[in-house]
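Residue-level structural notes
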Amino acid sequence: VQLQASGGGLVQAGGSLRLSCAASGRTFSVYNMGWFRQAPGKEREFVAAMTWSGGSTVYADSVKGRFTLSRDNAQMMAYLQMNSLKPEDTAVYFCAARPQYGSGDLRDRATYNIWGQGTQVTVSS
């Protein structure tokens, strides 16, 4: 499967954005998927992840209650709705996928073997 993230942009603090991750190729529904972000000079960090069926979702503490991850397997799409954005949310956001039977913590970026190209999110104060 290949992934392409989109939907980033410039928004004021307190605003909202919805990121999209479009999958192509193999069946998207057999993959767990996640969102990660990387700010300048920092390591790529976990944001949110969801199992292949959508039955389990985990969020980083920093975005819990503000971000919502969803997926539409029939459309081979995943979304990250981001509300109440803060300047510290500024980063390049990446969607990633790993096979549903893969082991390891969904929050561990090392367990994901498929990555999209990233989309820039900038939140101004």
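Given the structure is predicted, the values throughout are model-derived calculations rather than measurements.

The secondary structure content of the chain amounts to zero helices and 11 strands. In the chain, the succession of helices and strands from N to C terminus is β-β-β-β-β-β-β-β-β-β-β. For 125 residues, the compact-globule estimate of 2.2 N^0.38 gives 14 Å, and the C-alpha radius of gyration of the chain, at 13 Å, lies within 12% of that figure. Put simply, the chain has 125 residues, and 43% of those count as buried. Excluding contacts between residues fewer than 6 apart, the proportion of contacts in the chain whose partners are at least 24 apart in sequence is 59%. Accessible surface, the chain as shown: approximately 6200 Å² in total, 47% of it carbon and sulfur. Counting 12 positive and 8 negative side-chain charges, the chain places the centres of these two groups 4 Å from one another.

This next bit is on the sheet that holds strand β1 (residues 2-6). Spatial strand order, β1-β3-β8-β7: four strands in an open sheet with antiparallel pairing. Of all the strands in the sheet, just β1 and β7 (67-72) have a single pairing partner and so form its edges. Strand-to-strand, the axes of this sheet are offset by a mean angle of 15 degrees, without reference to chain direction. Sheet analysis places β7 next to strand β8 (residues 77-82), joined by six bridges and oriented antiparallel. Across the sheet, Phe67 pairs through a bridge with Met82, a residue of β8.

Criteria and cut-off values
Residues numbered from 1 in each chain as written. Predicted model: local features only at pLDDT ≥ 70, side-chain atom pairs only at ≥ 80, totals over all residues. Heavy atoms only, no water. Helix = DSSP H or I, 4+ residues; strand = E, 2+ residues; numbered from the N terminus. Rg over C-alpha atoms; globule rule 2.2 N^0.38 Å. Buried < 20%, exposed > 50% of the residue type's maximum accessible area, 1.4 Å probe, protein only. Contact = heavy atoms within 4.5 Å. Areas by Shrake-Rupley, 256 points an atom, 1.4 Å probe, with all protein chains shown as cover. Lys, Arg positive; Asp, Glu negative; His and termini not counted. Charge placed at Lys NZ, Arg CZ, Asp CG, Glu CD. Pairing = 2+ DSSP bridges. Axes fitted to C-alpha atoms, helices over the stretch in contact; angles between N-to-C directions.

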